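Fold and geometry: a report
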Amino acid sequence: MSAHRAIENLIFTYAAHVDSGDFAGVGELFAHGTFAGATPATGRAAVERCFRDTLVVYPDGTPRTRHLTTNVRIDVDETAGTATAHSYWTALQATPGLPLQPIASGHYDDRFERSAGVWRFAERRPHVALAGDLSHHLKAA
């Protein structure tokens, strides 16, 4: 698999794990990296805990979201085994008390590294550009 495809798969797998409520899976993606949100978390356990402590989870086990990731630009340095990516994201949500709507949008700045031939997140920095009603999504909202 090409580096670009492997990195795209990491980017899209992150969104799938968040939307399915698989915070252990999110943590696994950052086993050797940092999720640099409002409170940066490094490593599997810290990132998993960050998501569990931050996001509202509904009886179906999910945050009732769909993260759409678009405009993905990836730059790879094959020799160094590093890459960067910039992408847009939009989070949609629908709950019993909230009709389907976009709740936030922004972009990610990502760094990746290749270890033993496998690409992995080194760092993800989410940036919020637009925010709507986050009261059904964030525990502290």
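Everything that follows concerns the structure shown earlier in this document.
One structure accompanies this document, and this report is about it. What you see is a predicted model, and the numbers here were worked out from it, not measured in a lab.

**Thoughts on the sheet that holds strand β4 (residues 82-95)**
Reading across the sheet, the six strands line up as β2-β1-β6-β5-β4-β3 and stay open at both edges, with mixed pairing between neighbours. Of all the strands in the sheet, the pair left with one neighbour each is β2 (41-42) and β3 (65-77). Pairing analysis gives 13 bridges linking β4 to strand β5 (residues 98-115), with the strands arranged antiparallel. Paired with Ala 91 across the two strands is Ala 104, which belongs to β5. Sitting on the sheet, helix α1 (residues 3-20) is in contact with β1 (34-35), β3, β4, β5 and β6 (118-131), with an inclination near 160° to β3.

**Re the side chain of Thr 65**
Turning to its location among the elements, Thr 65 is positioned in strand β3. In this structure the side chain of Thr 65 is engaged in a polar contact, spanning 2.7 Å, whose partner is the side chain of Asp 19.

**Overview of the side chain of Asp 19**
Inspection of the secondary structure puts Asp 19 in helix α1. Summary of buried charges: Asp 19 has no salt-bridge partner, and the nearest side chain of opposite charge, Arg 66, is 4.5 Å away. A polar contact is formed between the side chain of Asp 19 and the side chain of His 67, at a distance of 2.6 Å. Residue contacts for Asp 19: discarding those within four places in its chain leaves Thr 62, Pro 63, Thr 65, Arg 66 and His 67.

**Regarding the environment of Ser 2**
Looking at where Ser 2 falls in the secondary structure, it is placed in the segment before α1. Separated by 37 residues in sequence, Ser 2 and Thr 39 place their C-alpha atoms 33 Å apart. Within the local environment of Ser 2, its side chain forms a polar contact with the backbone nitrogen of Arg 5, the two atoms lying 3.1 Å apart.

The rules behind the values
Residues numbered from 1 in each chain as written. Predicted model: local features only at pLDDT ≥ 70, side-chain atom pairs only at ≥ 80, totals over all residues. Heavy atoms only, no water. Pairing = 2+ DSSP bridges. Helix = DSSP H or I, 4+ residues; strand = E, 2+ residues; numbered from the N terminus. Contact = heavy atoms within 4.5 Å. Axes fitted to C-alpha atoms, helices over the stretch in contact; angles between N-to-C directions. Polar contact = N/O pair within 3.5 Å; in protein donor to acceptor, adjacent residues only side chain to side chain. Buried < 20%, exposed > 50% of the residue type's maximum accessible area, 1.4 Å probe, protein only. Lys, Arg positive; Asp, Glu negative; His and termini not counted. Salt bridge = Lys/Arg side-chain N within 4 Å of Asp/Glu carboxyl O.

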